Amino acid sequence: MPSANPYLPPLDEPPHPGYPPRQRAPRPSNGQKVTVTRAAAMRSREVGVRMYGLFHRAATADGADKSGLTALTYPVMANFAVDAAMAVALANTLFFAAASAESKSKVALYLLITIAPFAVIAPLIGPALDRLQHGRRLALAVSFALRTVLAIVLIANYDGATGSFPPWVLYPCALLMMVLSKSFSVLRSAVTPRVMPPTIDLVRVNSRLTVFGLIGGTIIGGGVAAGVEFALTRLFHLPGALFVIVVVTIAGAYLSMKIPRWVEVTAGEVPATLTYHGRSGPRRDTAIRTRSPGRPRQPLGRNIITSLWGNVTIKLMVGFLFLYPAFVAKQTGQDGLHQVAILGVVGAAAAVGNFAGNALSARLKLGRPSVLVVRCAIMVTAAALASAFFGDLLVMAIATLITSGCAAVGKASLDSCLQDDLPEASRASAFGRSESLLQLAWVAGGATGVLVYTDLRVGFTAISSFLILGLAQTIVSYRGDSLIPGFGGNRPVLAAQEGREPDGAMAN
């Protein structure tokens, strides 16, 4: 069938090289004696070949190997694996040992030093992507390469006797790792529309990438990092998970450059903009373009703005739950095993909610995605208020489960709005700008979790106050108004393009 993605080459070309055909496990010749060890080895090899076959078929389904989606899947899995390995590497040093009042003030200081520049740069990432010519793959590779350098710096400053790092090295490197991970997500969102197969939509493409990242990166990669960390720490007093990060980031940089070249085609792109300068109203066509000086711009419509505000609200809660449970676990005063159990329950709730939300969003018919986002934002805000009221660890775990699931469904709904309400020429730009805002909201939520007092009722009351404001803006935007002039729903559902027309274009 003809491709819905005009940037793809003809898909009747042979698939990319590098995918070996499925092979059966070799069997011993008739003259060989089959021992127990040899039989176990053959069985393990056969299971491995079958597992690889299943993975290969899933990764290349729906023409993903020809469109380039398979090539993008591998760096996404590497990014998830780096995040999981970093959590393993810093489990004791950062999340447990740094939760006292004195150390927490140091975390807040380093958070201010490292996150403040990102807060300034994040709004500029979207416009930078609009002007980035023939460099998107390189930018993805650089995000991995910089994390390789940071991991090497941490390894060089590791104290094997105490199993810790100097604070002036630990906190900047750890938080810069987080920033680079979020930057990768922003860059990946701008590349994804260029590798979308013709038979599936962006919602299922993003859900597929997330599921592959969770299974192959977080679960398998995190498990490998935990095993290597345990072995090298016990035997050689070395930070094993950081060595895993070095290997995975090098592989991620290489795999990023293997993404097809057509992701860098920017001819005919029209940058998306969050602001709107035209007349407001429930107009449902694109009518006449507004002429004004400057480059052409594509404003985001009402449904997109509503979905974006709802997802920003949810992301605040996601970022808050990233660090705050670790400080709560330490504040309980229980032994290390009890603290690990608390974080294990919260982490399991987050993983189950994320996986279930992505699986559900891949099967939902998102006919009214903005309504679904509003409902998800209401559920997350209600979960935060319940945690503030009860102040119980179990309620916090339930709130984490709800937040993770709603975050996945809300992001899928936003993707659906971006695909349905924007022309093809503006989708990549809109994905980059929206992802920048979502990651900035995640950073703001994480900063709240560090700066607020470590008490369940106090912490969730603080984050609930921000969620209520975000929910109010989401609901008001859905009704066609705004609490912030120019950034709300006082605009058409499908906004017309602003600015002068491209050279050679005909007036509508």
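Here is what the cut-offs are and how they apply
- Residues numbered from 1 in each chain as written.
- Predicted model: local features only at pLDDT ≥ 70, side-chain atom pairs only at ≥ 80, totals over all residues.
- Heavy atoms only, no water.
- Helix = DSSP H or I, 4+ residues; strand = E, 2+ residues; numbered from the N terminus.
- Polar contact = N/O pair within 3.5 Å; in protein donor to acceptor, adjacent residues only side chain to side chain.
- Contact = heavy atoms within 4.5 Å.
- Salt bridge = Lys/Arg side-chain N within 4 Å of Asp/Glu carboxyl O.
- Buried < 20%, exposed > 50% of the residue type's maximum accessible area, 1.4 Å probe, protein only.
- Phe/Tyr/Trp six-rings, centres within 6.5 Å; stacked < 30°, edge-to-face > 60°.
- Patch = residues over 30% accessible without salt bridge, like charges linked within 9 Å, V, L, I, M, F, W, Y side chains within 5 Å.
- Areas by Shrake-Rupley, 256 points an atom, 1.4 Å probe, with all protein chains shown as cover.

Novice: So what exactly am I meant to see when it comes to the side chain of N358 here?
Specialist: On the secondary structure map, N358 appears in helix α11 (residues 336–361). One polar contact links N358 to N354, side chain to side chain, over a distance of 2.6 Å. Setting aside residues up to four positions removed in sequence, N358 forms contacts with S207, T210, V211, L214 and A408.

Novice: Looking at this structure, how should I read the pattern of salt bridges?
Specialist: Once the charged atoms of two side chains with opposite charge are near each other, the side chains can pair. The full count for this structure, using the stated rule, is two salt bridges. Measuring nitrogen to oxygen at the nearest pair gives 2.8 Å for the salt bridge that ties K411 to D415. Of this pair, K411 and D415 both sit in helix α13 (residues 393–421), four residues apart, which is roughly one turn of the helix. Judged by its relative accessible area of 21%, K411 falls in the partly exposed class. Accessibility expressed as a relative area gives 1% for D415, which makes it buried. K411 is paired through a salt bridge with E435; the nearest N and O atoms lie 3.9 Å apart. Of this pair, K411 sits in helix α13 while E435 sits in helix α14 (residues 424–451), placing them 24 residues apart in sequence. Judged by relative accessible area, E435 falls into the buried class, the value being 8%.

Novice: Would you mind going over the packing of aromatic side chains with me for this structure?
Specialist: By convention here, two paired aromatic rings are described through the distance between centres and the angle between planes. Enumeration according to the criterion identifies seven aromatic pairs in this entry. Each residue in the set F320, Y324 and F460 is aromatic and connected to the rest through ring pairs, giving one cluster.

Novice: Help me out: how do you make sense of the environment of A139 in this one?
Specialist: The residue A139 is located in helix α6 (residues 136–156) in this model. Taking the C-alpha atoms as reference points, A139 and A253, separated by 114 residues in sequence, lie 9.4 Å from one another.

Novice: Please explain a nonpolar patch on the surface as it appears in this structure.
Specialist: On the surface, I215, I219, I220, V224 and F355 cluster together to form a nonpolar patch covering roughly 460 Å² of accessible area. Top contributing element to the nonpolar patch by residue count: helix α8 (residues 202–236), with four residues. Tracing the backbone shows I220 in helix α8.

Novice: Would you take a moment to explain the environment of A382 for this structure?
Specialist: With respect to the helices and strands, the residue A382 is situated in helix α12 (residues 369–390). Sequence separation of A382 and I402 is 20 residues, and the distance between their C-alpha atoms is 9.9 Å.

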